[in-house]
Amino acid sequence: MNRIQRLQRRLFTTSSTSLTSSAALNRRTVPRAVDNCDVLIVGAGPAGLAAAIRLKQLEREAGSSQSLRVVVLEKGSEVGAHIVSGCVLEPRALHDLLGPDPSQYEEIYGCGEPPLGVKAAESRMVWLTEKSKYPIPHPPQMNNQGNFVISLSALTRWLGRIAEEYYGVEIYPGFAGAGVVFSDEGYQSPWVGWEGRWDREVTRIGIPKSPPPPPRVPAVLGILTNDVGIPKHPSTTTNYEPGMFFRARATLFAEGAHGSLTKTLISKYQLRKESDPQTYGFGVKEVWRLADDNPLYSPGSITHTLGFPLDLNTYGGGWVYHMDANLLSIGLVVGADWENPYQSPYRDFQMMKHHPYIRRLLSPATRIAYAARVLTEGGLQSLPLLHFPGGALIGDAAGTVNVAKIKGVHTAMGMGILAAQGVWEGCQQQANENDPIDTSPYTTSFLSSWIHTELHETRNLRPSFSSPVFSKRSMGVLGGVLYSGVDSLLLKGRTPWTFRHTRNEEERRACLDGGRSLDSLRTDPSTTHTPIPYPPFDPPLSTDLLTSLMLTGTSHEEDQPEHLRVLGRPGDDDALSSHTDFGGAESVLDVKISEIHEEGTPETEDTEFLPRVTSPPSLRRTHTKINTGDYAGLLSRACPAGVYEYIDDDTHHHHHSPTGVEPSGSEEEEEESWNGKKLIINAQNCIHCKLCDIKVPSQDITWTVPEGGGGPKYSEFVYYLIHS
């Protein structure tokens, strides 16, 4: 039995702790299994796997002088399970990592032919109206010569094989990172040497001088994986297994956009103190299998769309990628800063497929996959400082998507390579191998990298679409297209100005200090808009949401607490901290090393263990009041998996005063409905898109990791259907 099998069996199938309502157990100090490694990588996506491979390459290049144990944790049930097919790959970073000739990969690495799909062929951009389409010029950055139309899920699985089988990286799927462990002693602040410099050389947003950061801060020493076996409803007994502590000299966070651990780190180290808040896009995607004799199928063809079904004040666009094996990837990205609370990106996407151009393409065809995910769009202006003592952010966790190219895999892999080289350099300079590795060389190398050059050139394109000059005239998209054309074709980013995502410094501070999402602030009250008259579904071309959800293969352990938490609005007196030991499935997010006890050691204190499954009724009631009263229940339409419902609650007396004066006392504290509405969270439907955490206007929902292995299983569905 190999190490992975032993570890997984130990976590999930061995005898576990039996708890009773009177059991003494403190989840901060419960004894845990501890595994030590040199470098820990959280997330087995393109960035994390590229970092792992590059580290082992550097180890081999150094000979036998130094050996590194590299461990990768992946919350999906397998590598690639949370990544759906359909992607245009720019192979630059892949060539940097594995060599310039992909035809030699199979011979060199012995892990099969690289799944590079089909070479990119014709590439075009069109403007869609409700019934017609018109060709428009696309920016030179969108040139796809030499690129590939691929299945990103398949590429990720293949990279995982190379990392594990050829280089000896240890990959543990089904292990969700739920908490960060910090040192007790202080280390040099990551801002030493970077204060003021990050704004001058990277974000260039011209922020006022701020108070200096503390000179000493704790270092990251590793992470905790999720506790398992905690029941959804409090019970007298349960099979409880505490998560493991993976301790590392350096931890690289590759969680993707808006990761739960990444959020904690950015806040703790103030990594955005010289950046704008991040702004996101929200992508909805499907994969279709076309008929063998479909005359419109053209392998390698790439089409991007603007216009229909979005209005002129909503940033976004669609794509149609002709993959190999008669597969078609089709999708729509909507800027998460959309204003109308009645808007549903899922319904927008279904309506997009009614366009004559797409209807003809999909007739006949069979839909085989559906997915949704947020992606970062902030670019350099929103990039946080990349390093901190004992770790760094890489890939989309940092936010390196090139919005102008509509690509992020090559930059994610490139950041993984840079981080690996930075960790290796810090390791060579380390005087005491028991200290956390200095990862600042990674940030320094980023400034002189092709990734920085690429993002700097296109930095003004995305914020130009949100210019108040154009949006006030309902021409935000047209204004952005006009500016982007001039900047990308003529100026090529060589401008003395840098547009900001925030409208002023007060708004930036409100987001950073108050923990508010910039995209949530852009949402208008429902009183300023009218409901959108979406057309009825037209199966099989367009279907209701739950029919689509069946294609994700989503599965969660049912007997576990909700991983979507109503914690209260930031700054409110009654809000629960996301660091609270709350609800069971969420491990403590901020733990000191002195609180960790290895298996075989006694606990230091006795505390009754009574997991609470849902948030207090008062917080759920406040959430319902704000989101149904002011925003017409936005999440019930925005969520792409039907997780959130605001249902009629006829079982209780509802406290709603026309004067706006709310009742007080114990009766209110026990009541979670408002004005006849009650929040229902169908957590088992969640496909881990993270939109709720970003877009909810009340900013009182926190996405946390469920038990490891839960969530969608995109790769299994697509792989089976392609090869069946």
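Bear in mind the structure is a predicted one, so any value in this text is a computation, not a measurement.

## Quick look at the overall build of the protein
Part 1 of the reasoning: The helix and strand tally for the protein stands at 23 helices and 27 strands.
Part 2 of the reasoning: In the protein, buried positions account for 61% of the 724 residues.
Part 3 of the reasoning: Accessible surface for the protein amounts to roughly 27,800 Å². Of this, 51% is attributable to carbon and sulfur atoms.

## Re the pairing of strand 8 (residues 133-136)
Part 1 of the reasoning: Note that strand 7 (residues 123-128) and strand 8 share four bridges and pair antiparallel. Within the sheet, the bridge partner assigned to W127 lies in strand 8 and is Y134.
Part 2 of the reasoning: In this structure, the hairpin formed by strand 7 and strand 8 is closed by a connection of four residues.

## Structural notes on the confidence of the model for the protein
Part 1 of the reasoning: For the protein, the average pLDDT comes to 87, and 85% of its residues sit at 70 or higher.
Part 2 of the reasoning: Segment residues 577-588: pLDDT under 50, and 45 contacts once partners within four positions in sequence are set aside and those in other chains are kept.
Part 3 of the reasoning: The low-confidence segment residues 653-669, where pLDDT is below 50, has 22 contacts with residues more than four positions distant or belonging to other chains.

## Describing the sheet that holds strand 16 (residues 302-307)
Part 1 of the reasoning: Strand order in this open sheet of seven strands is 8-7-16-17-18-15-19, and the pairing throughout is mixed. Single-partner strands in this sheet number two, and they are strand 8 and strand 19 (365-376). The mean inter-strand angle of the sheet, taken between neighbouring strand axes irrespective of direction, is 25 degrees.

## What to know about the environment of I394
Part 1 of the reasoning: Structurally, I394 can be placed in the loop between strand 21 (391-393) and helix 10 (409-429).
Part 2 of the reasoning: The spatial distance from the C-alpha of I394 to the C-alpha of A419 is 7.1 Å, given a sequence separation of 25 residues.
Part 3 of the reasoning: Residues within four places of I394 in sequence aside, it is in contact with A47, G48, A51, L252, F253, A254, M415, G416, A419 and Y442.

## Thoughts on the nonpolar core
Part 1 of the reasoning: The biggest cluster of nonpolar side chains holds 93 residues, and the ones touching the most others in it are L98, L159, W198, L252, F253, L265 and F446.
Part 2 of the reasoning: Among the elements that make up this core, the one with the highest residue count is helix 10 (eleven residues).
Part 3 of the reasoning: Counting 74 residues, the second largest nonpolar core, distinct from the first, contains A369, A372, A683 and C689.

## Considerations on the pattern of salt bridges
Part 1 of the reasoning: For the structure on display, the rule yields 26 salt bridges.
Part 2 of the reasoning: Between K353 and E286 there is a salt bridge, with its nearest N and O atoms 2.8 Å apart. Here K353, found in the loop between helix 8 (345-352) and helix 9 (356-361), pairs with E286, found in strand 15 (residues 280-290); they are 67 residues apart in sequence, far enough to count as distant. Here K353 and E286 have matching classes, each one buried.

## Considerations on the packing of aromatic side chains
Part 1 of the reasoning: The full count for this structure, using the stated rule, is 16 aromatic pairs.
Part 2 of the reasoning: Ring centres 5.0 Å apart and planes at 80 degrees place the aromatic pair Y109 and Y166 in the edge-to-face group. Of this pair, Y109 sits in helix 4 (residues 105-109) while Y166 sits in helix 5 (residues 152-166); the two residues are 57 residues apart in sequence, bridging distant segments of the chain.
Part 3 of the reasoning: By relative accessible area, which is 29% here, Y166 ends up partly exposed.
Part 4 of the reasoning: When the ring of Y483 is compared with that of F499, the centres are 5.0 Å apart and the planes differ by 50 degrees; the resulting orientation is tilted. Of the two residues, Y483 sits in helix 15 (residues 476-491) while F499 sits in the loop between helix 15 and helix 16 (505-514), which places them 16 residues apart along the sequence.
Part 5 of the reasoning: Following the ring pairs from residue to residue traces out a cluster consisting of Y105, Y109, W158, Y166 and Y167.
Part 6 of the reasoning: Directly above the ring of Y357 sits K133, whose terminal nitrogen or CZ lies 5.3 Å from the centroid.
Part 7 of the reasoning: One Lys or Arg, K268, reaches over the ring of F182 and ends 4.5 Å from the middle of that ring.

## Remarks on the packing of helix 2 (residues 46-61) against helix 5
Part 1 of the reasoning: Direction vectors running N to C along helix 2 and helix 5 enclose 25 degrees, while the axes themselves pass 10 Å from each other. The angle between the axes of helix 2 and helix 5 places the two elements in the roughly parallel class. Pair helix 2 / helix 5 crosses with left-handed handedness. In this structure, helix 2 contributes P46, L49, I53 and R60 to the contact, and helix 5 contributes L152, T156, L159, G160, I162, A163 and Y166.
Part 2 of the reasoning: Split by residue class, the contact of helix 2 with helix 5 holds eight nonpolar, two polar and one charged.

## Some thoughts on the side chain of Q57
Part 1 of the reasoning: Following the sequence through the fold, Q57 ends up in helix 2.
Part 2 of the reasoning: The buried category is assigned to Q57, whose relative accessible area is 9%.
Part 3 of the reasoning: In this structure the side chain of Q57 is engaged in a polar contact, spanning 3.1 Å, whose partner is the side chain of Y167.

## What to know about helix 7 (residues 260-268)
Part 1 of the reasoning: Regarding helix 7, the residues found buried are S260, L261, T262, T264, L265 and I266.
Part 2 of the reasoning: A positive backbone phi angle near 50 degrees is found at Q270, which sits one or two residues after helix 7.

## Considerations on the sheet that holds strand 6 (residues 118-119)
Within a beta sheet, neighbouring strands are joined by backbone hydrogen bonds and run either parallel or antiparallel to one another.
Part 1 of the reasoning: Read across the open sheet, the three strands follow the order 5-9-6; overall the sheet is antiparallel. The outermost strands of the open sheet, each flanked by one partner alone, are strand 5 (87-89) and strand 6.
Part 2 of the reasoning: Here two bridges tie strand 6 to strand 9 (residues 148-150), and the two strands are oriented antiparallel to one another. Pairing of V118 across the sheet is with V149, part of strand 9.

## Observations regarding empty space enclosed by the protein
Part 1 of the reasoning: On inspection of all chains with the given rule, the structure shows seven cavities of 30 Å³ or more.
Part 2 of the reasoning: Looking at the largest cavity, its volume works out to about 100 Å³.
Part 3 of the reasoning: Contributions of two or more residues to the lining of the largest cavity are made by helix 20 (634-638) and helix 22 (691-695).

## A word on unusual backbone geometry
Part 1 of the reasoning: Cis peptide bonds are those with omega within 30 degrees of zero, and the linkage from S363 to P364 qualifies with -5 degrees.
Part 2 of the reasoning: One non-glycine residue with positive phi stands out, namely K492, at about 50 degrees.
Part 3 of the reasoning: Within the secondary structure layout, K492 lies in the loop between helix 15 and helix 16.
Part 4 of the reasoning: Phi at Q699 takes a positive value of approximately 50 degrees, unusual for a residue other than glycine.
Part 5 of the reasoning: Within the fold, Q699 resides in the loop between helix 22 and strand 27 (701-703).
Part 6 of the reasoning: Judged by its relative accessible area of 9%, Q699 is buried.

## What about the state of the cysteines?
Simply put, the disulfide is a covalent bond whose two ends are the sulfur atoms of two cysteines.
Part 1 of the reasoning: Using the criterion set out here, one finds zero disulfides in the structure.
Part 2 of the reasoning: Not engaged in a disulfide, the cysteine C639 finds its nearest cysteine sulfur in C689; these two sulfurs lie 5.9 Å apart.
Part 3 of the reasoning: By relative accessible area, C689 is classed as buried at 8%.

## Re the side chain of Q278
Part 1 of the reasoning: As for its position among the elements, Q278 is in the loop between helix 7 and strand 15.
Part 2 of the reasoning: Under the relative-accessibility criterion, Q278 is labelled buried at 5%.
Part 3 of the reasoning: Engagement of the side chain of Q278 in a polar contact is seen with the backbone nitrogen of G378, the distance being 2.7 Å.
Part 4 of the reasoning: Each residue touching Q278, except ones within four places of it in the same chain, is listed here: R272, T376, E377, G378, G379, S382, A398, G399 and L518.

Criteria and cut-off values
Residues numbered from 1 in each chain as written. Predicted model: local features only at pLDDT ≥ 70, side-chain atom pairs only at ≥ 80, totals over all residues. Heavy atoms only, no water. Helix = DSSP H or I, 4+ residues; strand = E, 2+ residues; numbered from the N terminus. Buried < 20%, exposed > 50% of the residue type's maximum accessible area, 1.4 Å probe, protein only. Areas by Shrake-Rupley, 256 points an atom, 1.4 Å probe, with all protein chains shown as cover. Pairing = 2+ DSSP bridges. pLDDT = per-residue confidence, 0-100. Contact = heavy atoms within 4.5 Å. Axes fitted to C-alpha atoms, helices over the stretch in contact; angles between N-to-C directions. Core = buried A, V, L, I, M, F, W, Y, C linked by side-chain atoms within 4.5 Å. Salt bridge = Lys/Arg side-chain N within 4 Å of Asp/Glu carboxyl O. Phe/Tyr/Trp six-rings, centres within 6.5 Å; stacked < 30°, edge-to-face > 60°. Lys NZ or Arg CZ within 6 Å of the ring centre and 35° of its normal. Parallel < 35°, antiparallel > 145°, perpendicular 65-115°, else oblique. Left-handed = near helix turned anticlockwise from the far one by under 90°. Nonpolar A, V, L, I, M, F, W, Y, C, P; charged D, E, K, R; others polar. Polar contact = N/O pair within 3.5 Å; in protein donor to acceptor, adjacent residues only side chain to side chain. 1 Å grid on protein atoms, 1.4 Å probe; cavity = no way out; pocket = protein on both sides within 12 Å on 5 of 7 lines; lining within 4 Å. Points joined across faces, edges and corners; volume = space filled by probe spheres on them. Disulfide = S-S within 2.5 Å.

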